[in-house]
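Each chain, written out:
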Amino acid sequence: MENLLAIIIGVLFAAATYMLLRRSLVKIIIGLALLGHAANLLLFTTGKIQRGAAPIITADTSQLVTGTFADPVPQALILTAIVIGFGAQAFAIVLIKRVYQMIGTDDLDKMNTTEE
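Fair warning: this is a prediction, and the values are worked out from it, not measured in the lab. (Residues numbered from 1 in each chain as written. Predicted model: local features only at pLDDT ≥ 70, side-chain atom pairs only at ≥ 80, totals over all residues. Heavy atoms only, no water.)

K.L.:
I keep staring at the overall build of the protein and nothing clicks. Help me out?
P.N.:
Along the protein, the regular secondary structure elements total 4 helices and 0 strands. If you list the helices and strands of the protein from N to C, you get α-α-α-α. Per-residue burial over the protein gives 17% buried out of 116 residues. Accessible surface for the protein amounts to roughly 8,800 Å². Of this, 67% is attributable to carbon and sulfur atoms. (Helix = DSSP H or I, 4+ residues; strand = E, 2+ residues; numbered from the N terminus. Buried < 20%, exposed > 50% of the residue type's maximum accessible area, 1.4 Å probe, protein only. Areas by Shrake-Rupley, 256 points an atom, 1.4 Å probe, with all protein chains shown as cover.)

Structural data, given as structure tokens:
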């Protein structure tokens, strides 16, 4: 399972890097979204994925936990990263819409020129 997730994370990071290097602002936003998903999946795999194991250790456990259990810290980090990523993507989409209304293009090469 971890090998499959490692391959998927690598593909997502590669696709995000490719999209970030494009000239269109819309493709850059898609690249940022893919990069956020890849980072979230990477954090998720660090929490040791376990089926049927609760991420919470009860207070009545008086001995050291030796069995397998899921780490709740990466799950909390992922929830926070999803909210922050959504806010950043929403801001970037609104910003790109405004730039497109003013300039009339989303091509970065045409935006760099000072000629009208």
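K.L.:
Would you mind showing me how to read the nonpolar core here?
P.N.:
Across soluble globular proteins, nonpolar side chains show a tendency to be buried alongside one another. Within the largest apolar cluster, 5 residues are counted, these being Leu-25, Ile-28, Ile-29, Ala-92 and Ile-96. Looking at this core, the elements with two or more residues in it are α2 (25-46) and α3 (72-103). When residues in this core are grouped by element, the largest group, 3 residues, is from α2. (Core = buried A, V, L, I, M, F, W, Y, C linked by side-chain atoms within 4.5 Å.)

K.L.:
What is the right way to read the packing of α2 against α3 from this model?
P.N.:
Between two packed helices, the angle of one axis relative to the other and the distance separating the axes together describe the packing. Two numbers describe how α2 lies on α3: the axes approach to 10 Å, and their chain directions differ by 180°. Considering their axes alone, α2 and α3 lie roughly antiparallel with respect to each other. Facing Leu-25, Val-26, Ile-29, Leu-32, Ala-33, Asn-40, Leu-43, Phe-44 and Thr-46 of α2, the residues of α3 in contact are Pro-74, Leu-77, Ile-78, Ala-81, Ile-82, Gln-89, Ala-92, Ile-93, Ile-96 and Val-99. Broken down by class, the residue content of the contact of α2 with α3 amounts to 16 nonpolar, 3 polar and no charged. (Axes fitted to C-alpha atoms, helices over the stretch in contact; angles between N-to-C directions. Parallel < 35°, antiparallel > 145°, perpendicular 65-115°, else oblique. Contact = heavy atoms within 4.5 Å. Nonpolar A, V, L, I, M, F, W, Y, C, P; charged D, E, K, R; others polar.)

K.L.:
What's the story with α3 in this structure? I'm lost.
P.N.:
Helical geometry: 3.6 residues make up each α-helical turn, so side chains three or four residues apart lie on a common side. With 32 residues, α3 extends 46 Å from end C-alpha to end C-alpha; this agrees with the ideal 46 Å at 1.5 Å per step. Within the span of α3, buried status applies to Pro-74, Ile-78, Ala-92 and Ile-96. Looking one or two residues past α3, Gly-104 carries a phi angle of roughly 90°, positive in sign. (Expected span 1.5 Å × (residues − 1).)

K.L.:
Please clarify how the environment of Asp-106 should be interpreted in this entry.
P.N.:
For Asp-106, the position within the fold is in the loop between α3 and α4 (108-112). Look past the residues within four positions of Asp-106 in its chain and what remains in contact with it is Arg-23, Ser-24, Leu-25, Val-26, Tyr-100 and Met-111. Within polar-contact distance, the side chain of Asp-106 engages the side chain of Ser-24 at 2.7 Å. (Polar contact = N/O pair within 3.5 Å; in protein donor to acceptor, adjacent residues only side chain to side chain.)

K.L.:
How should helix α1 (residues 2-20) be read in this particular structure?
P.N.:
The end-to-end C-alpha separation of α1 is 27 Å, in line with the 27 Å expected for 19 residues at 1.5 Å each. Within α1, the full set of buried residues consists of Leu-5, Ile-9, Ala-16 and Met-19. One face of α1 carries all of its buried residues, which in axial projection span an arc of 95°. Opposite its buried face, α1 presents the exposed residues Asn-3, Leu-4, Ile-7, Val-11 and Tyr-18, each directed more than 90 degrees away. (Arc of directions from axis to C-beta.)

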